[in-house]
Amino acid sequence: MVGSVLVKRTGFILFFNIVPLPPQNTRRMNTVPVHPPFTNLQLEILKLFARQLPDADLLAIRDMIARYLLERALLEADKAWNEKGYTVESFQQNVHEKS
């Protein structure tokens, strides 16, 4: 799936591009050393995907995970923004002071 995600939060617009993986035969896997014990998330994913999936499904799953993590990050950013009492005006003033 090729597309973009546009998210508007607290007066700012964030834009994220979603790009497809290269074809299976040209994809180079980054190897990450695995050191057991696995996390609960890793174990659940291993159990869930203990079979081959088509590339389209892998792309869809990657997209869902990316969107989930983006939403979590935005919620945390909103929480910090509110806790610090920021406003769009105070943020813009702070940016202009530092430049």
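Quick caveat, the model's predicted, so the values are computed rather than measured.

Trainee: How would you sum up the pattern of salt bridges? Please name residues and give values.
Mentor: Scanning the model with the defined rule gives 2 salt bridges in all. Between Lys 47 and Glu 44 there is a salt bridge; the shortest N-O distance is 3.7 Å. Placement of the pair is Lys 47 and Glu 44 together in helix H1 (residues 40–48), with a separation of 3 residues, close to one helical turn. With a shortest N-O distance of 3.0 Å, Arg 67 and Asp 63 are connected by a salt bridge. One end of the pair, Arg 67, and the other, Asp 63, are both in helix H2 (residues 55–83), 4 residues apart, so they sit about a helical turn from each other.

Trainee: Which residues make up H2, and what values do they have?
Mentor: Taking 1.5 Å of rise per residue, 29 residues should cover 42 Å, and H2 covers 42 Å from first to last C-alpha, within 8% of that figure. Among the residues of H2, Leu 59, Ile 61, Asp 63, Leu 70, Leu 74, Asp 78 and Trp 81 are the ones counted as buried. Of the residues trailing H2, Gly 85 is marked for its positive phi of about 70°.

What counts and what doesn't
- Residues numbered from 1 in each chain as written.
- Predicted model: local features only at pLDDT ≥ 70, side-chain atom pairs only at ≥ 80, totals over all residues.
- Heavy atoms only, no water.
- Salt bridge = Lys/Arg side-chain N within 4 Å of Asp/Glu carboxyl O.
- Helix = DSSP H or I, 4+ residues; strand = E, 2+ residues; numbered from the N terminus.
- Expected span 1.5 Å × (residues − 1).
- Buried < 20%, exposed > 50% of the residue type's maximum accessible area, 1.4 Å probe, protein only.

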